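# Breakdown of the fold
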Amino acid sequence: MSWLARHRRLAFAAICTFWTAVVFVGYFFPTLPFISMPWRGEQSFEDTLRREGRKTATRDDFIFLGIDQQSLQLDAVGPEEIAGNRAFELMTERPFPWSRQLWVLLLDRLFGAGARLVMFDLMFNNPNDGDPAFRVALDRYRDRVVVAMNIDTQNNIQIVLPNAQLIPPPAQTDGRVGFVNYWNDEIDGKLRAARFFTSERQLAGVAPVSGDEIYVSMPARALTKLGRSADIPQDQRDHLFRFSSNDAYPPFPLWQVFDPSFWKANYADGAIFKDKIVIVGASSQIGHDFIVTPMNPAAPGPAVHLQVMAATEAHEFLRQTPTQVMLGLVLVAGVIGWGIIPFLRRPILSLFSLIAIAVIYLAVARLAYDRSGFLLASVPVLSTFLLCGVSTLGIDYAIERMEKLRTRRTLERYVSKNLVKEILENPRGYYNSLKGSRMPATILFSDIVGFTTLSEKADEKELVRQLNEYLTAMTNVVFQYDGTLDKFIGDAIMAVWGNVKSQGVAKDAKAAAHAALGMRRELLRLNNAWKTEGRMTLGMGIGINHGDVLAGNIGSQDRADLTVIGNAVNLASRLEGLTRIYGVDILVGTAAADLIRDEFHLRSVARAQVKGKTEPVDVFTIVEARNAALDQELLIWLETYEKGIRKFRDRDFIQAKILFSRFLEFYPEDYLAKTYLDRSLEYEQAPPDEAWNAVEVFERK
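Residues numbered from 1 in each chain as written. Predicted model: local features only at pLDDT ≥ 70, side-chain atom pairs only at ≥ 80, totals over all residues. Heavy atoms only, no water.

## Notes on the side chain of T56
Selection criterion: Helix numbers and strand numbers start at the N terminus; a helix is a DSSP run of H or I with at least 4 residues, a strand a run of E with at least 2. Using a 1.4 Å probe on the protein chains alone, a residue whose accessible area is under 20% of its type maximum counts as buried, one over 50% counts as exposed, and one in between counts as partly exposed. Note on contacts: a residue pair qualifies if any of its non-hydrogen atoms lie within 4.5 Å across the two residues.
Structurally, T56 is set in the loop between α3 (37-52) and β1 (62-67). With relative accessibility at 3%, the residue T56 sits in the buried group. With residues up to four places along the chain from it excluded, the contact list for T56 reads R242, F243, S244, A310, A311 and E316.

Here is the structure:
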């Protein structure tokens, strides 16, 4: 990871090169699983643009007359309505396909109403008894009618033409005949493009040559008759076109055209067909004339012809990104994905930049589609960009985390853990705290008893090793209870609770008390281990005090420490020194004792006035936490000791003597009890003056 941090840009370049290469491989090997997904996804994205983007405008002069289920069954009219209606009679004489005399009636009715062009998306290849009349009608309206031919590519490219009784051979060259085929995408079977001209050689997969017989599509025939031949692409390629909306050309039921009431009410006596282009074709499910498009999984074939014509007249053809440009965009995306993370170097900003660039690119793609019909390659480009960007962002974040962790661990060797946490996680609050402020805090001083004498006798290397073991164990306890290691003063430790981050004055004081007990346990463990190893054991004194302190970054312009100063700090240091006088390892000042009393068993030690103070303080030692397993008999006899202290301070030295003597019967080695017994005996013989208040004044630190 350290090598990766030093060569960050090189590593990012390798990652981005890998992802760019993967996307490139997917283009040249489209059958590879997973790797080709961006390129397959591009088609889905383009279909989304077709559905959500701008559509070809709906032409109000295009009408789709659909042969629906009601037209096939004609169950919407009664026998009396059928009788006398020649069209209904033809529709009920036999099932579809009806006699072609019906189409003669339809053409006469539509052109009589002023229709401009009629297209039949129906195959008339089989003979029918109405063919002669229909041929006459087709000849009569030859400049305004188009009928269908079909190219059967499933059976060796057979050309299915209208039968010779309708249109004499060669029907495929007749201006009234156009093929109705579309060639759907081979991968997903969807129609996206229209072909206006084709040939047998092209259909056979052979390159077209000059002189080939050219087949013309139905939309091309219709547009030519409408005088819009200049709008038709004059080649044999498939042209992507912009679809109309799905509801652009809903089918009007064919049978209603022959119903007098509907003809009058719905079609205004035919006025609705004036100057209209009408296509006749199947709209029922049984007709099976449905095409799968990106817009609709079951688009009626006749409606698709109208959409193709509308797109052609409006020049709404789509252009895809050229291959070289597309691959170039992929390469540029990889370069940008490589450069953005090292350049910004801020994870959140980098993430938002990645998202913003991707959104902007998608917006440009949508704008290009809507405005100019240009399908800007998006999925492979954005896949490369995001794969590169997210990968480098993830690795950059991991590197930053590792560097921060390494920095944290390095700092924690010199600075308190909770201070390091505050600096790294709340730098603004930390820097504000450097200005200095007065606040309540709990201060703990600990020191090794007689270390100066020990250092003169012990081996230097051995002493340093032992001291490091001791300090490591003690500082771990401070950190365990969320204390701030203020400083090492030789073999002494100064720790503070509440200056960097306070949990409340009571909780801070209790955490310091727990830390003191933890130090006591750790020293016992260390001494047992050192004794086993034949090394010297150590003693320790701890002073705890609570009060208002001045906290801030204190020092010179060249060097400063985040520390606390004030009377409360000085008293904590003095209390640590008094542990030698009173033979206890922990001394607690009055303010701290009042905060922790409900959670710890305390024992009165003295009423002391330390050097530099004018007021005495009651001093206590911590016996143990109340929730710890403790000898109940000791607690009972400590009550006797406390009564003795009260009698002593009330100048009842005889009762004090008796109480201390009782306590010493069970704990004969107790230093405090023996000290107070001796003083009680002394004062019993020579009582102190009236000004005596049980305060011990110390003139030395």
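## Here's the deal with the environment of I286
Tracing the backbone shows I286 in the loop between β11 (277-282) and β12 (290-291). Measuring from C-alpha to C-alpha, the distance between I286 and L444 comes to 92 Å, with 158 residues separating the pair along the chain. Setting aside residues up to four positions removed in sequence, I286 forms contacts with Q69 and L72.

## Regarding the packing of helix α25 (residues 653-666) against helix α26 (residues 671-685)
Here is the rule we go by: Lines fitted to the C-alpha atoms define the axes, with helices restricted to the stretch that makes contact. Angles between their N-to-C directions range from 0 to 180 degrees. Orientation categories follow fixed angle ranges, with anything under 35 degrees roughly parallel, anything over 145 roughly antiparallel, 65 to 115 roughly perpendicular, and all other angles oblique. For any pair of crossing helices, the crossing counts as left-handed if the nearer helix is rotated counterclockwise from the farther one by less than a right angle, and right-handed if it is rotated clockwise. Throughout, the ten residues Ala, Val, Leu, Ile, Met, Phe, Trp, Tyr, Cys and Pro are labelled nonpolar, Asp, Glu, Lys and Arg are labelled charged, and all others, Gly among them, are labelled polar.
Here α25 crosses α26 at 150 degrees, and the two axes come no closer than 9 Å. As far as their axial angle goes, α26 and α25 are roughly antiparallel. As α25 runs across α26, the sense of the crossing is left-handed. When α25 is examined against α26, the residues F653, I654, A656, K657, F660, S661, F663 and L664 are found in contact with a partner set consisting of A673, K674, Y676, L677, S680, L681, Y683 and E684. When its residues are assigned to classes, the contact of α25 with α26 shows 11 nonpolar, two polar and three charged.

## A short note on the layout of surface pockets
Let me state the cut-off plainly: Detection works on a 1 Å grid of protein atoms alone, calling trapped sets that fit a 1.4 Å probe cavities and calling open sets with protein on both sides within 12 Å along at least five of seven lines pockets, with lining residues defined by an atom within 4 Å of a point. Grid points are joined across faces, edges and corners, and a volume is the space filled by probe spheres set on the points.
Considering only enclosed or pocket space, the largest pocket measures out at about 1,000 Å³ in volume. Together, 34 residues line the largest pocket, and Q43, E46, D185, I187 and Q320 are the ones closest to its centre. Contributing elements (two or more residues each) for the lining of the largest pocket: α2 (8-28), α3, β6 (193-195), β9 (238-240) and β14 (319-320). Sorting elements by how many residues they give to the lining of the largest pocket places α3 first, with eight residues. The residue makeup of the lining of the largest pocket, split by class, is 12 nonpolar, eight polar and 14 charged. In this structure, the second largest pocket is lined by 27 residues; those nearest its centre are D121, L122, M123, V180 and D289. Elements with a contribution of two residues or more to the lining of the second largest pocket: β3 (145-152), β12 and α13 (301-313).

## Focus on unusual backbone geometry
The residue after F96, namely P97, is reached through a cis peptide bond having omega 5 degrees. Residue placement: P97 occurs in the loop between α6 (86-93) and α7 (101-112). For the bond running from P169 to P170, omega is -10 degrees, close enough to zero to count as cis. Its identity as a non-glycine residue notwithstanding, F34 has a phi of 65 degrees, on the positive side. Of note, F34 is situated in the loop between α2 and α3. Backbone geometry places H315, a non-glycine residue, at a positive phi of 55 degrees. On the secondary structure map, H315 appears in the loop between α13 and β14.

## A closer look at the pattern of salt bridges
Short version of the rule: For salt bridges, the criterion is a side-chain nitrogen of Lys or Arg within 4 Å of an Asp or Glu carboxyl oxygen.
Under the definition given, this model contains 42 salt bridges. Between D670 and R603 there is a salt bridge; the shortest N-O distance is 2.5 Å. You can see D670 sitting in the loop between α25 and α26 and its partner R603 sitting in strand β22 (residues 600-609), a full 67 residues away along the chain. We note that D670, like R603, is buried.

## A few points about the pairing of β1
Sheet faces and side chains relate simply in a regular strand, where the side chains alternate between the two faces. This is how the line gets drawn: DSSP bridges decide pairing: two strands pair if at least two such bridges lie between them.
Summarising burial for β1: six of the six residues are buried, a large majority. Relative to β11, β1 runs parallel, the two sharing six bridges. Bridge pairing links F64 to I279 in β11.

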